[in-house]
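Take a look at the letters that make up each chain.
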Amino acid sequence: MHNGNMMAPQLPVRERILASAARLFDANSIRMVSADKIIADAGISKVTFYRHFQSKDHLVVAYLDGQLEQLMAAVAEARAGKQDACAVLLHLAAAYGSAACKPGFRGCTFINAAAEYPGEDHVVRAAVERYRTWLHDVVRELLADLGVDQPGIVADQLIMLRDGAMVQGYLGNPTGVADSLVTAGRAIVSASAGAAGLTREQ
């Protein structure tokens, strides 16, 4: 059986399946990639696949939750490293902007997943909602730490800006997306009372 990922045999089976799925999903789309393609790429049998994942949908959930866990860990590390709220927000904006500029970028993984799984009660949509809820909560908390008025509303605005940057990176000219996202984010936050901290040079 062909294995498209040369590093995959060094991984435990579950991680090997997830690595193949992530690479294929990122290069194509979730719906376009069948369980059979993932099985072939990972170099496993169907029995092995379904021993680890009840269905392809459950694999998609694990893939999305894995990405969320990485983001959560990155933010937790930044905060544990005594970075202030301003620095963490700028780090998030720069990271999203940089992702949108990478060759082959196809848009936000979570937005794409929501579009491919429109049913509100679907397990994949629940995974998307976990990410969106976490993102809004962490941005709101950071804004509150900066003393921004109505941090929940400003968080909505920043996330809308982030979503637009993802679309621009995919459909428009990705050049300068990272800088534009940071600059526009600064403007939104500095327009709110108590946001002077985000306007200083980092």
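The preceding data block contains the structure.
Scoring rules and cut-offs
- All chains use their own residue numbering, which begins from 1 and follows the written sequence.
- Local features in this predicted model are restricted to residues of pLDDT 70 or higher, and side-chain atom pairs are both shown and tallied only at a pLDDT of 80 or more, whereas totals for entire chains, interfaces and linings draw on every residue.
- Side-chain measures were taken over the full set of non-hydrogen atoms in the model, leaving aside hydrogen atoms and water.
- Comment: elements are numbered from the N terminus, with helices defined as DSSP H or I runs of at least four residues and strands as E runs of at least two.
- In this scheme, a residue with accessible area under 20% of its type's maximum is buried, one over 50% is exposed, and one in between is partly exposed, where area comes from a 1.4 Å probe on protein chains only.
- By definition in these notes, contact holds between two residues if any of their heavy atoms fall within 4.5 Å.
- Note on disulfides: each one is a pair of cysteine sulfur atoms within 2.5 Å.
- Only the stretch in contact is used when fitting a helix axis, every axis being a line fitted to C-alpha atoms; angles between N-to-C directions are given from 0 to 180 degrees.
- Each angle receives one of four descriptions, namely roughly parallel if under 35 degrees, roughly antiparallel if over 145, roughly perpendicular if within 65 to 115, and oblique otherwise.
- Take the far helix as the reference: if the near one is turned anticlockwise from it by less than a right angle, the crossing is left-handed, and if turned clockwise, right-handed.
- Residues are grouped as follows: nonpolar covers Ala, Val, Leu, Ile, Met, Phe, Trp, Tyr, Cys and Pro; charged covers Asp, Glu, Lys and Arg; every other residue, Gly included, is treated as polar.

(A) Representation of the overall build of the protein within the structure. For the protein, the count of helices and strands is nine helices and zero strands. Element order for the protein, N to C, with α for helix and β for strand: α-α-α-α-α-α-α-α-α. Relative to its 202 residues, the protein shows a buried fraction of 43%. Look at the contacts in the protein between residues 6 or more apart in sequence, and 67% of them connect residues 24 or more apart.

(B) Molecular detail of the state of the cysteines. Per the stated rule, a full pass over the model turns up zero disulfides. Looking at C101, it has no disulfide partner, and the nearest cysteine sulfur is the one in C108, 15 Å off.

(C) Summary view of the environment of Q150. By the secondary structure assignment, Q150 is in the loop between α7 (123-145) and α8 (151-171). On the basis of relative accessibility, which here comes to 55%, the residue Q150 falls in the exposed class. Put simply, Q150 and R140 are ten residues apart on the chain and 8.8 Å apart in space, counted from C-alpha to C-alpha.

(D) Highlighting the side chain of S29. Secondary-structure assignment places S29 in the loop between α1 (13-27) and α2 (35-42). On the basis of relative accessible area, S29 is assigned to the buried category, the value being 9%. When sequence neighbours within four positions are dropped, the list of residues in contact with S29 reads L24, R106 and E116.

(E) Spotlight on the packing of helix α5 (residues 85-100) against α7. Following both chains from N to C, one finds α5 and α7 inclined at 140°, their axes separated by 8 Å at the closest point. When the axes of α5 and α7 are compared, the pair comes out oblique. Our pair here, α5 against α7, has a crossing hand that is left-handed. On the side of α5, the interface is formed by A85, V88, L89, L92 and Y96, while α7 contributes Y131, L135, V139, L142, L143 and D145. Partitioning the contact of α5 with α7 into residue classes produces ten nonpolar, no polar and one charged.

(F) Here's a closer look at the environment of M32. Summarising the element assignment, M32 is placed in the loop between α1 and α2. On the basis of relative accessible area, M32 is assigned to the exposed category, the value being 56%.

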